[in-house]
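Structural characterization, general
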Amino acid sequence: MTTPLVELRGVYRTFVKDRQTIPVLQDVNLSVQPNEILCLVGESGCGKTTTGKIIVGLLEASAGEVLIQGKPRSAYRRAEQAQLRRDYQIVHQDPFASLNPAHTIEQILSFPLLRHKLVKSRAELRRRIWELLTMVDLTPPGDIVNKYPHQLSGGQRQRVSIARTLTVQPRLIVADEAVSMVDVSIRIGILKMLHRLRDEFGMAIVFITHDLALAKYFAWRGRIGVMYLGRVVELGPTPHVIGQPAHPYTRALLQAVPEADPDVTRRKQPMRLRSDDIPRLTAIPPGCAFHPRCPFYVGRVCDVHVPHLDVAEGFAQQVACIPVQQGQLRPYIDEQAGG
Amino acid sequence: MSEVILSVRNLSVSYLARRGRVRAVSNVSFELHAGETLAFIGESGCGKSTLNLALIRTLPKTGQIDSGTMIYTRRDGQQIDVLKLNKQEHRRWLWSECSMVFQGALNSLNPVIRISDMIYDTAAAHGIPREDARKQALDLLEKVRLDPQRVFNSYPHELSGGMRQRVLLAISLLLRPQIVIMDEPTTAVDILTQRSILDVLKELRRELNFSVLFISHDLAVAAEIADRIATMYAGEIVEIGPVEEIFYRPRHAYTLALLDAAPRLSAGAEELHSIPGSPPDLIMPPPGCKFHERCAFAVASCHTTPPPLRPTHDAACHLVACTESERVLAAQRKIMRQ
């Protein structure tokens, strides 16, 4: 097996707010292989963005190990660390906020190229910028270079953001809700472009989203990790997680999502949860954090023991649910999904 | 089909911008029947929100209604043109006949007063006794699956996003309006919260039988709760019909393109397509069909002559503004077979 680009081992992350310690991530174990697509899904506050930021090194873990190509970041020399920062890039959600409104697109793209001395001359700089804009399908580049962000549509701006990450030829890109603010009609184009860039440059992509259908589409040949209240509760190949979900939380999500198909969506039978409310991060329930809502809850097991992500009989994916791991919850196949 | 309670004819709305007049809604006509849910779908900027702001006459200062009528039928059968009501009459019409639920519940609730006071204020403005309003509100809060006593006395910040959205839903029904306008009511909420809001909405609709004008860019939500769908593009309704017709037998190239860009969980590996280009400039809209620049089916006449909205051959309730609708339908059949 190749060395993963990033490996999180038992990662914890806490934030302090109003003198209260909030555990945002607890015991997260994940790795990203070169050229892989990994999708992190979950509801707001589940820790998916924090995980993404730890992967690119924008945040540090409070406890646990983060291995970058097999070694902790601190084991690298200064120059190597600078290279690592270039190798791991992030695309943020809001293309209105992430591009400086006072700079032209040409300036936005030239800063990283100049800062990292990736071009040797004015002519090369210009050539490289045109090349980058062509890569993200902003053609003809001549129409774009002198524009300011406000003159572009949301989709075009997000393409500029992606082009900016490509300036430093990263090995991994975290796309954090990168198409959530873009119109439905244009989303697929950006996702296809990310697929193509990944194939062309051999990058890995960590795609963070709350939209399960989008995750399914984007990561069909990759893996999905489902997060709930700071933990990864299910992790495995996308067709398995979507078609044959193991964790009760994943099942609840899949059954709750409306589908763009009137017959299918009206035939769905949403799972009746024991409680509709997500617990606060400051009061995470003991044992399995999902147990107060879980219809398959087993007393004196789920409320006592914290389940760890592990294999379970009958499933291709890993799951953090004790009843499933013990074979008490049978594989469930949604007759509508997985077709 | 049940009686028509709202009939909008040739409604046009524009905004004054520095560069000129933005024709945000042009010549829109539709009917809303008693007890039905009509969903407007389309990309941002297609005019679906403007249309609904015009219906409740809360356009921003730069916006104006250029033409059109909006005939509303009261419960007693009396018909009124909402656009001709004076300020006082219109204020009374709002909430007692037509209410609205906006996206982002936090912005719609006053942060410094309790839910109970909002309810009392609304009731007082419409001459409803306090005690009646309280009873009604507690009953509705229970119906939207909230703990009535607790929520009634809360401030908005004490409630979660999903709870707030359900409070708004309850308040919108306080005066038993015939129409509720909902602008992206589940857009900013999580999956399980969205599910509980949709379920509550469906229950309430069954029980209280109001009509809903639902605005969403989310085809999945529309597929689930709408009886009829109207596709909007560049300020016009380009297709309108029963939900099954629109999803399974779309006749407009734009509707087909939208469906072809929406991923489905149940579909396995999918081949999806984006719509090329971007929506037209509504200050200088293109001649002919406004979609022709992005359309895979466009023929010469699309560039010059705007196609009228007219019934399809096999379904009179399904209207489409596309001269190539037969080719669109054939293409849809091909996609379905794959």
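Residues numbered from 1 in each chain as written. Chains lettered and ligands numbered in written order. Predicted model: local features only at pLDDT ≥ 70, side-chain atom pairs only at ≥ 80, totals over all residues. Heavy atoms only, no water.

1. As for the overall build of chain A
Looking only at helices and strands, one finds 11 helices and 12 strands in chain A. Expected size for 339 residues packed as a compact globule is a radius of gyration near 20 Å; at 21 Å, chain A falls within 12% of this value. Overall, chain A is about 70 × 50 × 45 Å in size when its C-alpha atoms are taken along their principal axes. A buried classification covers 56% of the 339 residues belonging to chain A. Counting contacts in chain A only where the partners sit at least 6 residues apart, residues at least 24 apart contribute 63% of the total. (Helix = DSSP H or I, 4+ residues; strand = E, 2+ residues; numbered from the N terminus. Rg over C-alpha atoms; globule rule 2.2 N^0.38 Å. Buried < 20%, exposed > 50% of the residue type's maximum accessible area, 1.4 Å probe, protein only. Contact = heavy atoms within 4.5 Å.)

2. Some details on the sheet that holds strand E1 (residues 6-17) of chain A
All names here are of chain A. The 4 strands lie next to each other as E2-E1-E4-E5, forming an open sheet whose pairing is antiparallel. Bordering the open sheet on either side are strand E2 (20-32) and strand E5 (71-72), each of which pairs with just one other strand. Of the strand pairs in this sheet, strand E4 (residues 63-68) and E5 are connected by 2 bridges, and their pairing is antiparallel. Within E5, the position partnered with Leu 67 by the bridge is Pro 72. (Pairing = 2+ DSSP bridges.)

3. Focus on the domain arrangement of chain B
Residue and element names in this part refer to chain B. The assigned domain composition of chain B is domain 1 (4-226) and domain 2 (249-337). Between domain 1 and domain 2, the C-alpha centre-to-centre distance is 29 Å. Each side of the interface is counted separately: domain 1 has 12 residues, and domain 2 has 10 residues. Between domain 1 and domain 2, the buried area comes to about 960 Å², and carbon and sulfur atoms account for 58% of it. Among the residues of domain 1 in contact with domain 2, Arg 19, Glu 43 and Leu 219 are the three that bury the most area, contributing 50% of the side total. In this structure, the salt-bridge partner of Arg 294 is Glu 43, at a minimum N-O distance of 3.1 Å. (Domains from an automatic or database assignment. Buried area = accessible area lost by both parts, 1.4 Å probe. Salt bridge = Lys/Arg side-chain N within 4 Å of Asp/Glu carboxyl O.)

4. Description of the sheet that holds strand E9 (residues 223-228) of chain A
Residues and elements named next belong to chain A. Strand order across the open sheet formed by 8 strands is E6-E7-E8-E3-E9-E10-E12-E11, with mixed pairing between neighbours. The outermost strands of the open sheet, each flanked by one partner alone, are strand E6 (88-91) and strand E11 (310-311). As paired strands, strand E3 (residues 37-41) and E9 are joined by 4 bridges and run parallel to one another. Looking across to E9, one finds that Leu 38 is bridged to Arg 223. Sheet strands in contact with helix H1 (residues 48-56) are E3, E6, strand E7 (172-176), strand E8 (204-209) and E9, and its direction is about 160° off that of E7. (Axes fitted to C-alpha atoms, helices over the stretch in contact; angles between N-to-C directions.)

5. Points about a positive patch on the surface
On the surface, Arg 78, Arg 85, Arg 115 and Lys 117 of chain A cluster together into a patch of positive charge. Locating Arg 115 of chain A in the fold gives a position in helix H3 (residues 105-115). (Patch = residues over 30% accessible without salt bridge, like charges linked within 9 Å, V, L, I, M, F, W, Y side chains within 5 Å. Areas by Shrake-Rupley, 256 points an atom, 1.4 Å probe, with all protein chains shown as cover. Lys, Arg positive; Asp, Glu negative; His and termini not counted. Charge placed at Lys NZ, Arg CZ, Asp CG, Glu CD.)

6. Notes on the domain arrangement of chain A
Residue and element names in this part refer to chain A. By domain assignment, chain A separates into domain 1 (6-221) and domain 2 (250-325). The centre of domain 1, based on its C-alpha atoms, is set 30 Å off from the matching centre of domain 2. When the two sides are added together, the surface that domain 1 and domain 2 hide from each other amounts to roughly 790 Å², 70% of it contributed by carbon and sulfur. In this assembly, domain 1 and domain 2 are joined by 0 salt bridges. One can count 1 residue pair in polar contact (both at pLDDT 80 or more) joining domain 1 with domain 2. (Polar contact = N/O pair within 3.5 Å; in protein donor to acceptor, adjacent residues only side chain to side chain.)

7. Considering the interface of chain A and chain B
Think of interface size as the accessible area that goes away when the parts come together; that is how it is often given. Each partner contributes to the interface: chain A provides 43 residues, whereas chain B provides 41 residues. Between chain A and chain B, a total of about 3,700 Å² is buried, with carbon and sulfur atoms accounting for 56% of that surface. Counting every contact that joins chain A to chain B gives 2 salt bridges. In this structure, the connection of chain A to chain B is made through 22 residue pairs in polar contact (both at pLDDT 80 or more). At the level of secondary structure, the elements contributing two or more residues to the side of chain A that touches chain B comprise helix H6 (184-201), helix H7 (212-218), helix H9 (248-256) and helix H10 (262-267) of chain A. Tallying contributions element by element places H6 of chain A first for the side of chain A that touches chain B, with 7 residues. In terms of residue class, the side of chain A that touches chain B is built from 22 nonpolar, 8 polar and 13 charged. (Nonpolar A, V, L, I, M, F, W, Y, C, P; charged D, E, K, R; others polar.)

8. Concerning empty space enclosed by the protein
Here the structure, examined in full by the defined rule, presents 5 cavities of 30 Å³ or more. What the largest cavity holds in volume is close to 100 Å³. Lining the largest cavity we find 15 residues, and of these Cys 289, Cys 302, Cys 322, Thr 323 and Glu 324 of chain B sit closest to its centre. A breakdown of the residues in the lining of the largest cavity according to their chemical character gives 9 nonpolar, 5 polar and 1 charged. By volume, the second largest cavity is sized at about 80 Å³. Lining the second largest cavity are 15 residues, with Cys 288, Cys 294, Cys 302, Cys 321 and Pro 323 of chain A sitting closest to its centre. (1 Å grid on protein atoms, 1.4 Å probe; cavity = no way out; pocket = protein on both sides within 12 Å on 5 of 7 lines; lining within 4 Å. Points joined across faces, edges and corners; volume = space filled by probe spheres on them.)

9. Topic: the confidence of the model for chain A
Across chain A, the average pLDDT comes to 92, with 97% of residues at or above 70. At the level of individual helices and strands, chain A shows its lowest average pLDDT in H6 of chain A, which scores 92, and its highest in E9 of chain A, which scores 98. (pLDDT = per-residue confidence, 0-100.)

10. Regarding helix H5 (residues 130-143) of chain B
Residues and elements named next belong to chain B. Taking 1.5 Å of rise per residue, 14 residues should cover 20 Å, and H5 covers 20 Å from first to last C-alpha, within 8% of that figure. If you check which residues of H5 are buried, you get Ala 133, Ala 137, Leu 138, Leu 140, Leu 141 and Lys 143. Phi turns positive one or two residues past the end of H5, at Arg 145, with a value near 60°. (Expected span 1.5 Å × (residues − 1).)

11. Focus on the pattern of salt bridges
Opposite charge on two side chains makes pairing possible when the charged atoms of those side chains draw close. All names here are of chain A. One pass over the full model with this rule turns up 29 salt bridges over all chains. We note a salt bridge from Glu 80 to Arg 77, for which the minimum N-O separation is 3.9 Å. Its relative accessible area of 30% is what places Glu 80 among the partly exposed residues. Of the charged contacts, one joins Arg 159 and Asp 137 as a salt bridge, the two residues approaching to 3.6 Å between their closest N and O atoms. Of this pair, Arg 159 sits in helix H5 (residues 154-166) while Asp 137 sits in the loop between helix H4 (122-135) and H5, and the two are 22 residues apart along the sequence. Residue classification places Arg 159 among the buried residues on the basis of a relative accessible area of 11%. For Asp 137, a relative accessible area of 39% gives the class partly exposed. One salt-bridge network, held together by shared partners, links Asp 137, Arg 159, Arg 196 and Glu 200.

12. Thoughts on the packing of aromatic side chains
Inspection of the entire model under this criterion finds 10 aromatic pairs over all chains. Centre to centre, the rings of Tyr 228 of chain A and Tyr 249 of chain A are 4.4 Å apart; their planes meet at 45°, and the pair counts as tilted. Taken together, the positions of Tyr 228 of chain A in strand E9 and Tyr 249 of chain A in helix H9 put the pair 21 residues apart, joining distant regions of the chain. Here the aromatic rings of Tyr 72 of chain B and Trp 93 of chain B are separated by 5.4 Å at their centres, their planes lie at 90°, and the arrangement is edge-to-face. Of the two residues, Tyr 72 of chain B sits in strand E4 (residues 63-73) while Trp 93 of chain B sits in helix H2 (residues 87-96), which places them 21 residues apart along the sequence. By the burial criterion, Tyr 72 of chain B is buried, and Trp 93 of chain B matches it. Among the aromatic side chains, those forming a connected cluster through ring pairs are Tyr 228, Tyr 249 and Phe 290 of chain A. Residue placement shows Arg 157 of chain A over the ring face of Phe 96 of chain A; its charged tip is 3.7 Å from the ring centre. Its guanidinium or amino end placed over the ring of Tyr 120 of chain B, Arg 130 of chain B lies 3.8 Å from that ring's centre, counting from NZ or CZ. (Phe/Tyr/Trp six-rings, centres within 6.5 Å; stacked < 30°, edge-to-face > 60°. Lys NZ or Arg CZ within 6 Å of the ring centre and 35° of its normal.)

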